[in-house]
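What follows is the residue order along each chain.
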Amino acid sequence: MDKLVIADYGKFMKKLSTDSVDNVFQDVEYVYITNSKDPRLAGIGSLVSLPLPIILAQNPGSMLLTDPDVSEFMPQESLLKSNRKHTNSYDATQGSPLKMQEYADLSDIVVNEAPVGSWTSREHFKSALTKIGIPFNQTRVVASLYSLASQGNSLPPLLIFSDGQNRKHTACQMLSREEQYLKFTVIKVSFPEPKNGHFPKIHNLKIPEKQMKYKARYDMMGKMLQELVTNGQEFAGSLVVETDWTKPICTAVLQSPPLESQAHIQAQVVSGDERSTANGFYIELEMLKSFIDGLESGEILWLANESHVPVLEQLKMQIEKLKLGDAAKCEKEQNDVVDILGLDSLSFDRREDLDFTDHLWNILIQCTSYSELEEALKFVFAVLSNGEFYPMVHRKNNTVIAQMVREACGGKLRMPNLAGGSYAIQLLAEIGLEKLRQDYVHAFLSKELVVLGNIESFIGTEGPFTQRLAALEKLHHVLEMSVMLKMFLKLSMQTLNFIAIQMLKYYENNSLDQKHLFDFPVPTSQVKSMIENSAPCLWQMEFTKQVQNTSETMKVVLTEDNPFPHVGWSSVSDNMTEVGSEDFRDRVYYVLHLEERVSVL
C-alpha cells in the first residue's frame, strides 16, 4: 500500500472531530462519535463495551443526524398518555379562578400512544441504517489503512460498517490500537433457516468448554406471552429475566439455565394500567395531584361526575348513615381482577377503618366546580356547628377538617371563610393526602410486602403538599411493580418483600422515574417454572482467554431481532413465515458470531 496514502490517511484521521465537515476519504465517510447514545452504536453496543470517542466508517450520506440520541429513535417504553385538557377560565361570578369548564374523563386513557413526530423519526432512522454499510472488499482496505496509519500514532478506535454482502454476512469490524497490540473485532450474522440449520454445533467450535460462560434472556412481556396473559392488550411496562451460568456445560444451544445459575429481574412499570389491581389507588392519586398542582397553577381538572346523585345529596346521605353508627363500616371490595391462565394477581382489599375525612374525600372529589366544592364544605361545617353530629376522626389525623371536628365536640368551632381564593381546594387536598397515606400503609402492611419501618420516611405528615405527594407516588410505583411481578412471574411474597424493600431504598435518595430500569437479583428457583414455559429472546455463550495484558473474546448469540438491520432482514416476522405448531415456544433466531483477535506488536 502506498506510503503517501497511508500518511494522508493518518493526517485525515487525526483532524477528525465532531465538527468536521471534510470527512470523506476514498469514498468512505468517517464520523467522530463521542455520544454513547448515538443510534448507530446501538447494535454493537449490545454485544461489546465500546470505547469513546470512536470513529465510524460508513457509506457516505447514509446517516445525517444532529446530536443523535438513541432514545429518540429506538422503540419507546410503554407509557400512559392522558388526553386531559387544561384551560385558564376565570368566572367572576363563582369567586374563584379555579372554576374550570373542562372535565377529566378517566376512561380516556390511551396506552402506548406515541407522538407522530417520534414515529416518523424512528422510521427515518431504520431506513437510514439499512444503507449505512460499505462493500466488504472496501472494509478490508479501510482496516488495512487504519492498521498501518495507527502505528506510532494515537488514533481513536475505528468501527467499520459492512454491507454484509460477503458469504459470511459480515456486519461490522472494529479496530483499536494500544501501545503493545492491535485488537481486531468482527461480527457476522447468520440468517434464520428452516429447521434451524444455521445453528452452530457447540462441539465444532473447538474451544475449552470448561471456560465457557452462558447467558439466557427471557422477555416475560413479549408479544406472544402478552396475548396469552392479557388478551392482546399490552401491559404498561417491561419485564426481562436474565440468567448467567458456567456449569453445567451446555451441549447444545438454547439449553435452559440450571438452578445453579444467577438470575436477575430487569423491570420497568408505568402506573395507570387499568388492569392493574393497584389502579384504584392511581385514579385517586391522579385526582389528588390535579388539586395540588392547581393550588400553584390556578388550573383544576375537575372530574366529570358520572353519578346521578348530586354531591350535596351524597353528603346528606353519608352523614345520616354515620349518625346511625356506621362510621367504622365499609363494604369489603376487591378489584375486579381475576387470575389469568393460573397467574396469581396481587389484589388489595379496601381499607375498612375510614374516618369522617376519608368519607368526605370519596364524595368531594366528584365535585365539578369550585362553587360546588365550596357549597358542599359549607354544608359540612354547618352540620358540625349545630351540635347534632360529632363524627369519628383518627387520633393521628391532623388535617384542618379533623381539627374542626374536635373543636365542634368542645363547642369551639370557628367557621372558615371559603369565599374566593383556593382555600377549599387546600382543605380537599389535605384530606386527600391523609386518606391516601393511610390507604398505602394498609396496602403494604396487609399484604406483608414490608414492615412499617420500611415506609416511615414516605408517610410523614409534615412538609409541603408537593413533597408529600411525591412520596406517595413513589409508594404507588412500588405497588405497581409488585403487582406486575406477581402477575407475570408468580413470585413468592418473600421475594416480593425483598424487591419492595430494594425499591424503597432506591427512592429514599432518588426522585420518581418510571423509565428507570430496576435490576433485582433473585434465586433462579423463583423464576424457573415461568422461564421454562417461555422461549429466550436471547441466548449467548462466551469464551474469553488472556493474551498478555489484554484478552480475546468469542461470542455466539442467538437473538430474535437482528441488531444490524443494514445486513439482511431487521425482523424475522416480516420476512419468514413461522412453521410448526402455534405453540408460543416456537421461535426463529438470528445467530451472531463475534470474534476478537489480538496482534501483539
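Before reading further, recall that the structure is shown in the block above.
Since the model is a prediction, treat every value here as computed from it, not as a measurement.

A. Fine view of the overall build of the protein. In terms of helices and strands, the protein carries 16 helices and 17 strands. Buried positions account for 50% of the 601 residues belonging to the protein. Sequence-distant contacts, at least 24 apart, represent 74% of the contacts inside the protein between residues at least 6 apart. Within the structure as shown, the protein displays about 29200 Å² of accessible surface, and the carbon and sulfur contribution to it stands at 48%.

B. Broad picture of the side chain of E542. Inspection of the secondary structure assignment puts E542 in strand β15 (residues 538-547). Side chain to side chain, E542 and T544 meet in a polar contact 3.4 Å long. Not counting residues within four places of it along the chain, the set of residues in contact with E542 comprises Q211, M212, K213, T553, M554 and K555.

C. Expanded view of the packing of aromatic side chains. A full pass over the atoms with the stated rule returns 17 aromatic pairs. Each ring, one from Y214 and one from W245, has its centre 5.6 Å from the other, and the planes form 20°; the classification is stacked. Of the two residues, Y214 sits in strand β10 (residues 212-219) while W245 sits in strand β11 (residues 237-245), which places them 31 residues apart along the sequence. On the accessibility criterion, Y214 (3% relative accessible area) is buried. On the basis of relative accessibility, which here comes to 4%, the residue W245 falls in the buried class.

D. How the structure looks around the packing of helix α9 (residues 370-385) against helix α10 (residues 400-409). In the contact formed by α9 and α10, the axes pass within 10 Å of each other and the chain directions differ by 25°. Classified by the angle their axes make, α9 and α10 are roughly parallel. When α9 is examined against α10, the residues L377, F381 and L384 are found in contact with a partner set consisting of I401, M404, V405 and A408. Of the residues that constitute the contact of α9 with α10, the class distribution is 7 nonpolar, no polar and no charged.

E. Quick look at α9. With 16 residues, α9 extends 22 Å between its outermost C-alpha atoms, agreeing within 8% with the 22 Å of an ideal straight helix rising 1.5 Å per residue. Regarding α9, the residues found buried are Y370, L373, E374, A376, L377, V380, F381, V383 and L384. For α9, the elements touching its buried residues are β13 (302-303), α7 (311-323), α8 (356-364), α10 and α11 (423-446). G387, located one to two residues past α9, shows a positive phi value of around 80°.

F. Summary view of the pattern of salt bridges. Within the structure shown, the criterion is met by 20 salt bridges. A salt bridge links K323 to E388; its shortest N-O distance comes to 3.9 Å. In this pair, K323 sits in helix α7 while E388 sits in the loop between α9 and α10, placing the two residues 65 residues apart along the sequence. Notably, a salt bridge pairs R351 with D439, separated by 2.8 Å at the nearest N-O pair. Taken together, the residues R351 in the loop between α7 and α8 and D439 in helix α11 connect sequence positions 88 residues apart. A relative accessible area of 5% places R351 in the buried class. Residue D439 is classed as buried on the basis of its relative accessible area of 7%. Linked through salt bridges whose partners overlap, the residues forming this network are E284, R351, D353, D358, K435 and D439.

G. Focus on the packing of helix α6 (residues 279-297) against α11. At a closest axis distance of 10 Å, the pairing of α6 and α11 adopts a crossing angle of 150°. The angle between the axes of α6 and α11 places the two elements in the roughly antiparallel class. Note that α6 runs across α11; the crossing there is left-handed. Residues F281, E284, L285, L288, F291, I292 and L295 of α6 pack against I425, Q426, L428, A429, G432, L433, K435, L436, D439, Y440 and A443 of α11. Tallied by class, residues from the contact of α6 with α11 come to 13 nonpolar, 2 polar and 3 charged.

H. Looking closely at the nonpolar core. Ranked by size, the top nonpolar core spans 111 residues in total, and within it L239, I265, F291, L364, L485 and L489 carry the most contacts. Examining the composition of this core, we find that 14 residues originate from one element, helix α13 (residues 465-489), more than from any other. If we skip the residues at most four places from it in the chain, L489 touches M220, L239, V241, I265, Q526, V527 and M530. In this structure, I44, L47, L538 and V557 belong to the second largest nonpolar core, which totals 26 residues.

I. Representation of the environment of H566 in the model. Summarising the element assignment, H566 is placed in the loop between β16 (550-559) and α16 (572-575). Considering only alpha carbons, one finds H566 and G133, 433 residues apart in sequence, at a separation of 6.4 Å. Look past the residues within four positions of H566 in its chain and what remains in contact with it is L129, T130, I132, G133, F161, S162, D163 and A171. Separated by 3.0 Å, the side chain of H566 and the backbone oxygen of S162 make a polar contact.

J. How the structure looks around unusual backbone geometry. In this chain, L52 is followed by P53 through a cis amide linkage whose omega measures 0°. You can see P53 is positioned in the loop between α2 (42-45) and β3 (54-58). Omega for the bond connecting K247 with P248 falls within 30 degrees of zero, at -5°, which places this linkage in the cis form. Unusually for a residue other than glycine, Q548 sits at a positive phi of about 50°. According to the relative accessible area criterion, Q548 is exposed, its value standing at 57%.

K. Layout of the pairing of strand β8 (residues 170-177). Most of β8 is tucked away: 8 of the 8 residues are buried. Across 4 bridges, strand β7 (residues 158-161) lies against β8 in antiparallel orientation. Residue pairing for β8: F161 is matched across the bridge by C172. With 7 bridges connecting them, β8 and strand β9 (residues 181-190) associate as antiparallel partners. The partner of S176 across the bridge, within β9, is K183. Counted along the chain from β8 to the antiparallel partner β9, the turn is 3 residues long.

What counts, and at which threshold
- The numbers attached to residues start from 1 for each chain and follow its sequence in the written order.
- It should be noted that, the model being predicted, local features are given only for residues of pLDDT at least 70 and side-chain atom pairs only at 80 or more, the latter also being counted only at that level, while totals for whole chains, interfaces and linings use all residues.
- With hydrogens and water set aside, each side-chain value is computed from the structure's full complement of heavy atoms.
- Numbering of helices and strands runs from the N terminus, with a helix taken as a DSSP run of H or I at least four residues long and a strand as a DSSP run of E at least two residues long.
- Buried means the residue's accessible area, taken with a 1.4 Å probe over protein chains only, is under 20% of the maximum for its type, while exposed means over 50%, and partly exposed covers the values in between.
- Whether two residues are in contact is decided by their heavy atoms: any pair within 4.5 Å suffices.
- Using a 1.4 Å probe, the Shrake-Rupley method yields the accessible areas, and only the shown protein chains count as cover for residues.
- Pairs of N or O atoms within 3.5 Å make up the polar contacts considered here, provided that, within protein, one atom can donate a hydrogen while the other can accept it, and that residues adjacent in sequence are counted only when both atoms are side-chain atoms.
- A pair of aromatic rings is counted whenever rings of Phe, Tyr or Trp (Trp by its six-membered ring) have centres within 6.5 Å, and the orientation is called stacked for planes under 30 degrees apart, edge-to-face for over 60 and tilted otherwise.
- Angles here are taken between N-to-C directions and fall from 0 to 180 degrees, while the axes themselves are lines fitted to C-alpha atoms, restricted in helices to the stretch in contact.
- Note that the term roughly parallel is reserved for angles under 35 degrees, roughly antiparallel for angles over 145, roughly perpendicular for angles of 65 to 115, and oblique for everything else.
- Under the scheme applied here, ten amino acids are nonpolar (Ala, Val, Leu, Ile, Met, Phe, Trp, Tyr, Cys and Pro), four are charged (Asp, Glu, Lys and Arg), and all others, including Gly, are polar.
- Here a helix's expected span is defined as the number of its residues, less one, multiplied by 1.5 Å.
- A pair is scored as a salt bridge if a Lys or Arg side-chain nitrogen falls within 4 Å of a carboxyl oxygen belonging to Asp or Glu.
- With the far helix as reference, a near helix turned anticlockwise by less than a right angle produces a left-handed crossing, and one turned clockwise produces a right-handed crossing.
- Here the nonpolar core consists of buried residues drawn from Ala, Val, Leu, Ile, Met, Phe, Trp, Tyr and Cys, with membership extended through side-chain atoms lying within 4.5 Å.
- By definition, two strands form a pair when at least two bridges between them are found by DSSP.

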